[in-house]
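# Analysis of the macromolecular model
What follows is the residue order along each chain.
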Amino acid sequence: MKRERSGSLLTLGLCGGYFLVLLDVTVVNVALPSIGSGLHATVTGLAWVVDAYAVPLAALLLASGAIGDSLGHRRVVVSGFLGFGLASVVCALAPSAPVLIAGRALQGVCAALMLPGTLALLAESAADDRARIRAVGLWAAVGGAALPAGPFLGGLLTEAAGWRAVFWLNVPVIIAALVPVVRLTGPGDRPGSGNRVDWPGAALLVVVIGSAVTAVIQADVSPRLSIGMVVLMIIACAAFRRIERTAGHPLLRVPAPARRPLGAASAIAGLMNLCSLGSLFLLTQVFQDTYRLAPFAAGLLLLPAMLPLPLLGVPAGRLVGRIGPWRTSVLGLAVAAAGLAGLAASIGRPDYPVLIGSLALWGSGLGILTPAIVAAALRAVPGAAGIASGASNTARQAGGALGVAVFAALAGSPDDRAFAQHTSWLLAGAAGVFTVTALASFGVRAAAVRAAAVHAGRGDTADHVDRHDDRDGQPVDRR
C-alpha cells in the first residue's frame, strides 16, 4: 500500500512538471497587455516574453534526452524542476522587461530538461506494463489539459492578482512535485548509459533557431542586426549539417528511407504551431486592446479554440487507425483552415456567435490534426519513437517561436488603429497556409504509400498508391 501511494505521488509529481512545461507556452499570452502596460514593454518586448521561453525549449529538446541518459534522468529532472522554480521567481519579481525575458529564457532551458525526463522516469519506475501504460496515459492527458488551461488560468490570475501571479503559480506546484522525485531511487537515478551528448550540435541548433527568431523580431527595430542574424543563421545551418553528418552520436539519426516522410510530418507540425501560436499571440491582444475585454473574459473567449485539443485526442486517434494519418491530417488542416477563415472575416467586427463558432472550428481542426501528424511521424520511423517524437516536438516548438515572431512583426503595435485589420489579414494568410498544406499532404501520402510498398518489396509504380493503404502499406480489400 505504501509503495502504491509512493508510486502515485511520483506519477502526479512528474505529470505536474510536464503540465507546467506546456502551460507556460500559452499561460502568458492573456497576460501580455498587462505586462506591456506594467513594464512599459513594446510589441517587440512582448514577442520576446513569449519566444525567450520557446527558443531554448525547441533547441534543447533533442539534446536533453541524451543528457538524461548520460547523467541519470532523476538528476536532470530535479535540476530542471529547481531551475524552473527559480526562473519563475525571477519572472514574478522582474522590475523590467529585460529581466522578465531573461527569466523566461531560463524557464525554457529548464523546461527542455524536464520534458523528456518526466516521461522516461514514469516508464522506468512503473511496476509492470499495465502500470506503465496507465502512467503514460495520465501523462498525455495532463499535457493535453495544459493547453486549454493556459489562457483560462492566465486570464483568471491576471485579473484577480495581476500578471505576476501567472509566474507565482509555478512555485508551489514545483515544490509539491519535487518531493516524490527527490525521494526516487532506482533505474532513473543510474547514469552512464553510454549515450554521448552532441554538445556542438545542440549549441548550433540554439544558434539556428535563436538567430532566425531574432532576425524576424528585430527587423523593424534594427535592420542591420536582423541582416546579421540571417547571415549567422545560414552559417550555423551549414555547420550544423556538417557536424551532424560526421558526429558519432548526432542529435537526430534518421534512416535514409524515413527522411522524406519524417521531414514532411515535422514540417507540417512546425507550420501548424507557426500559424496557431502566432494567431493566438494576436488574438489575446485584439480581445483586450480592441474589444476592451477583461483578461478573464479574454481567456474564457479562447476556450472554444483550446478545449477541442484534449477532447478530440482519442476520437482522432481512432480516425487515424481507420483512414490513416495523412487523410486525417488533410481533414484536420481543412477544418482548421475554415475556422481561421471565419476568424479573419469576423475579427474586425466583434460578432460573437460567429467568432465563437470559428474559434471552435479552428480548435477542432487542430484537435484532429495533432494526433494525426504525430502518428505520421511515428510511422515514418518504425521502432524509433524517440527519433520521431524528438523531430516532431522540436519542429512544433521552433515553429511556434517563429510564428510569434512573424505575426508580431507583421501585425505591428496593438495601439495602431489598423491592428485588428492586420490581424484579420494574417489570420486569412494562416487559413491559406493550412489549405495549401492540406493539398500538399495528398502528395506526401502518395509518397509514403509508395515508400511502404517499395519497402515491402511490391514495387513502386503508381498503381501501388491506389492498392495500398497509407496506414501500414498493407493491401486493402476494397470489394
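Residues numbered from 1 in each chain as written. Predicted model: local features only at pLDDT ≥ 70, side-chain atom pairs only at ≥ 80, totals over all residues. Heavy atoms only, no water.

A separate point is the overall build of the protein. When helices and strands are counted, the protein shows 19 helices and zero strands. The buried share of the protein, taken over its 479 residues, is 52%. Taking as baseline every contact in the protein between residues at least 6 positions apart, the subset at least 24 positions apart corresponds to 81%. Carbon and sulfur atoms provide 66% of the accessible area of the protein, an area that totals close to 20600 Å². (Helix = DSSP H or I, 4+ residues; strand = E, 2+ residues; numbered from the N terminus. Buried < 20%, exposed > 50% of the residue type's maximum accessible area, 1.4 Å probe, protein only. Contact = heavy atoms within 4.5 Å. Areas by Shrake-Rupley, 256 points an atom, 1.4 Å probe, with all protein chains shown as cover.)

Attention now moves to the pattern of salt bridges. Applying the stated rule across the entire model yields one salt bridge. The residue arginine 104 makes a salt bridge to aspartate 24 at a minimum N-O spacing of 3.6 Å. With arginine 104 in helix α5 (residues 97-125) and aspartate 24 in helix α1 (residues 2-26), this residue pair connects regions lying 80 residues apart in the sequence. (Salt bridge = Lys/Arg side-chain N within 4 Å of Asp/Glu carboxyl O.)

On to helix α2 (residues 32-39). Every buried residue of α2 is accounted for by Leu32, Pro33, Ile35, Gly36 and Leu39. Looking straight down α2, one finds its buried side chains confined to an arc of 160°; they lie on one side. Following α2 by one or two positions, histidine 40 has its phi on the positive side, about 55°. (Arc of directions from axis to C-beta.)

Note on aromatic pairs: each is described by the distance of the centres and the angle between the planes. By the definition in use, this model includes four aromatic pairs. What links up through ring pairs into an aromatic cluster is the set Phe287, Tyr291 and Tyr352. (Phe/Tyr/Trp six-rings, centres within 6.5 Å; stacked < 30°, edge-to-face > 60°.)

Here aspartate 415 shows up in the loop between α17 (385-411) and α18 (419-455). As for aspartate 415 and aspartate 289, which are separated by 126 residues in sequence, their C-alpha atoms are 7.6 Å apart.

Core analysis: the largest hydrophobic core is formed by 124 residues, its most contacted members being Ile35, Leu100, Phe281, Leu283, Phe287, Leu359 and Trp362. Here this core gets 15 residues from one element, more than from any other, and that element is helix α3 (residues 43-71). (Core = buried A, V, L, I, M, F, W, Y, C linked by side-chain atoms within 4.5 Å.)

Relative to the helices and strands, glycine 357 is located in helix α16 (residues 352-380). Taking relative accessible area as the criterion, glycine 357 reaches 37% and is therefore assigned partly exposed. Between the C-alpha atom of glycine 357 and that of alanine 305, which follows or precedes it by 52 residues, the distance is 9.1 Å.

Time to look at the confidence of the model for the protein. Chain-level statistics for the protein give a pLDDT mean of 84 and a share of 85% at 70 or above. Predicted confidence for residues 458-479 stays below pLDDT 50, and this span has 50 contacts to residues more than four positions away or in other chains. (pLDDT = per-residue confidence, 0-100.)

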